[in-house]
Every structure is written in structure tokens, then in C-alpha cells.
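# Summary of the model geometry
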Amino acid sequence: MIKEKKDPHNKSQKNKILHNLEAAPNLKPRRTVLQHKHQVTELWTFITPKMTIQDLCTVDKLNEWTGKNMTTLAPGTIRSYLSSMDLFVEYLLQKGLVTHIERFQRFRESLKIIAKKLKSRANMRRAVVETEEIETMILPVDIQMFLSSKYAQIIKKKIANKSTQVVLSTFYDVRDYMLLRLLQTNAQRPMAVRNITINSIDRARRTDDGGISITVAQHKTQEGGPAVIHVNAKLYGFLKDYIQMLKIIPGYPVAKEQSIFTTFPKSDGTVSLLTSSQVNKGIQRVWDQGPVNKTVTATRLRKATSTAVRTQIPASREILARRALPAQRTSGSRYKHDSCGHGRKSNAVD
């Protein structure tokens, strides 16, 4: 059998292409770079499977790709692909990696024209989605109804119960209730709440308003800094009781640096960290036991919180922007900034 010889030039060209995809301008966070790389690669391979630069600016193939994906992708998603390709072509032009400059400039114009045509469709779709979301939004009254329900009262008693035995149903009820309450009161992403550890709770700081701030370093948007979970004294007490409950579960591997929100231990004592999907399924399960017939997710809770604030304070977004100040440190005390940008003096929780 004759083996086909590999063309070192093609391999070198491919490596150069991959480097160019990651070096395009205005892409700082790593996840943005990866998204850009994926989008450009997918569109490029459709236009020219060999991914040659000289064949990239084929407008007919670009139009074909757009038409093909109109039924499967949202207009905003297609615009994102076109924007990534525009950034990449701009980079190629700046670096002098193209020979037919005018062709690539016309290709960029085609990208912008298609994106502009899609903008009105994207706005129309966004309006429809927002209307649907408002109809199914989790309202403050829905939260109050759930917290006042018989099921919620039973869970609170389970949390306070200092039993020497924890059954499976109690574990899931308490865990998922705690997740729901933390997500609802903080409007955080699921992984920020899931990554609360015993260490982070032990290092919590008391604030001037009587609440307690728990700092979580590992979360989805950690490039922007740690997430701060703010709880009142009662919810903080629930967290401490929950940790005590974990300690009396036979075989539960209590570790200070491990998330407190895991699966129930298997026969060999192993547990698994919850995924975003498992967090959402957990909070939906406890929510379904209450009186409100709506779908609940971490995202819905987060959107409901921001919408409620904007409804009460229409200028809240501008106020937040004006008051966003860098964290300050002074001798003997540490200052954090709450959701309204005010400095809060923090002290260790006793």
C-alpha cells in the first residue's frame, strides 16, 4: 500500500491560519477568542474546504451559507459569525497577508451589507422573545408565594432539625432549596453559587447592613473578578446548618476547599460536583412543589431581578455606571462595593 506523502507546506499553512485566527484584533477573553476561531473556521471551510486565503472572499458562497443557515440559526447568531469573519479579514489586510486587496475590501462590504439586512430581523426576533419572557417571568409575588407555601416551611424545619440521620430525600430537598434561595437573592449564575465552599463561608465578611458577603473566586465570568454572594443572617444560618447536615451523612467527603453543593455520596463515598443543568433541574424540582406553575431557571431568576430593579428605578443602569468605583482598601478594614456601587465596610463573621 502506497502511503500518501504529507505536504509540509500545507501543514505550515494550516498552522499559520490557526495562529491568525487566534491573533485577530479586539479579542481579549479566552472564550471570545475560541468563539471567534470556531465561527471563522466554520464559515471559511464552507466557502473553501481547503481554507486557502486567496479563495476566502467568494461572495456567492457567503450568500449561500447565509441562506442555508437562516432556518437553523437566529439572525443575531448569523451576524455574530459575519462579525467574526469581518474581524479576521481586517486582520489579514492589516498584516499584508492578502494579494488582491480590492477583492477583500469588497468582501468586507458584503459582510456588512448582509449583517445590516439581518439587523431588523434580529430586533424583531428579540422583541418576540422578550414578550414571551415577560409572560413567564418569575415575579416577586411568585417568590413570596413559594416561600410561604407548606412545602417551603417543611424544608425549613428539615434544615433546623439536628437529626443524627439524613435520608436521601432530605438531602435533595435542603440542597436544592438552598440553591434556589441563593440564586434568587443574588441573581447570580449557577456556577458562582455552586462553587461556594466551606472555606469561602468561613471567610465570609459581615457588612454594615447586617448581611454577610461570601466571596467565590471560581465562576464563569471570573476574568472580571470574584463573585460576591450576599446573604442575610438567616440564610447564612441555613448554610451553616446545611454544612452540619453534610457532616453527619455517612461517607460524605467533607473537604473545606470542595463545593458544598454536590450529589449524594455513592456507596464508595464519592460525590460529583453539580453541572449547570443539574442546578437548574434541582431548583425546578423544589419549585414544582410550590403553588406557582412556571418554569424556573437560574437565568430566569437573574433576569427577573434585573427587570424588577429597572422597573422601580428606570435610571438604575446609568446610576450604576456613574457609581462604579474601584475597590478601596484602608488600614484595618476592607471595603466591598454592593450592587448599587456603595462602599460597604466588611468585617469577619463571628
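The notes below deal with the structure included here.

Here is what the cut-offs are and how they apply
- Residues numbered from 1 in each chain as written.
- Predicted model: local features only at pLDDT ≥ 70, side-chain atom pairs only at ≥ 80, totals over all residues.
- Heavy atoms only, no water.
- Helix = DSSP H or I, 4+ residues; strand = E, 2+ residues; numbered from the N terminus.
- Contact = heavy atoms within 4.5 Å.
- Areas by Shrake-Rupley, 256 points an atom, 1.4 Å probe, with all protein chains shown as cover.
- Buried < 20%, exposed > 50% of the residue type's maximum accessible area, 1.4 Å probe, protein only.
- Pairing = 2+ DSSP bridges.
- Phe/Tyr/Trp six-rings, centres within 6.5 Å; stacked < 30°, edge-to-face > 60°.
- Lys NZ or Arg CZ within 6 Å of the ring centre and 35° of its normal.
- Polar contact = N/O pair within 3.5 Å; in protein donor to acceptor, adjacent residues only side chain to side chain.
- Axes fitted to C-alpha atoms, helices over the stretch in contact; angles between N-to-C directions.
- Parallel < 35°, antiparallel > 145°, perpendicular 65-115°, else oblique.
- Nonpolar A, V, L, I, M, F, W, Y, C, P; charged D, E, K, R; others polar.
- Core = buried A, V, L, I, M, F, W, Y, C linked by side-chain atoms within 4.5 Å.

### Some details on the overall build of the chain
Counting secondary structure elements, the chain contains 14 helices and six strands. A separation of at least 24 residues holds for 59% of the contacts in the chain among residues at least 6 apart in sequence. Of the roughly 20,700 Å² of accessible surface on the chain, a fraction of 53% belongs to carbon and sulfur atoms.

### Description of the pairing of strand 3 (residues 227–231)
Alternating residues of strand 3 divide into Ala227, Ile229 and Val231, all buried, and Val228 and His230, none buried. Here strand 2 (residues 212–216) pairs with strand 3 via five bridges, running antiparallel. In the sheet register, isoleucine 212 faces strand 3, and the bridge partner there is valine 231.

### Remarks on the packing of aromatic side chains
Inspection of the entire model under this criterion finds seven aromatic pairs. Seen from their ring centres, phenylalanine 171 and phenylalanine 264 are 5.2 Å apart, and the 70° between their planes marks the pair as edge-to-face. Taken as a pair, phenylalanine 171 in helix 8 (residues 168–186) and phenylalanine 264 in the loop between helix 11 (233–247) and helix 12 (276–288) lie far apart in primary sequence, 93 residues in all. For phenylalanine 264, a relative accessible area of 22% translates into the label partly exposed. Members of the aromatic cluster, connected to one another through ring pairs, are Phe146, Tyr177 and Trp287. The positively charged end of lysine 61 is found above the aromatic ring belonging to phenylalanine 46, 4.8 Å away from the centroid.

### Brief notes about the side chain of serine 84
Its place among the elements puts serine 84 in helix 4 (residues 75–94). According to the relative accessible area criterion, serine 84 is buried, its value standing at 8%. A distance of 2.6 Å separates the side chain of serine 84 from the side chain of glutamine 39, its partner in a polar contact. What serine 84 contacts, discounting residues up to four positions off in sequence, is His36, Gln39 and Val40.

### Structural notes on the packing of helix 7 (residues 150–160) against helix 8
Two elements in contact, helix 7 and helix 8, have axes whose closest approach is 10 Å; the angle formed by their N-to-C orientations is 110°. By the angle between their directions, the pair helix 7 and helix 8 is classed as roughly perpendicular. Contact with helix 7, carried on its side by Tyr151, Ala152, Ile155, Lys156, Lys158 and Ile159, involves Ser169, Thr170, Asp173, Val174, Tyr177 and Met178 of helix 8 and no other residues of that element. Grouping the amino acids of the contact of helix 7 with helix 8 by side-chain chemistry returns seven nonpolar, two polar and three charged.

### Regarding the nonpolar core
Met178, Leu182, Ile196, Ile260 and Phe261 are the most contacted members of the largest nonpolar core, which has 52 residues in total. Listed in part, the 26 residues of the second largest apolar core include Val40, Leu62, Leu92 and Leu111.

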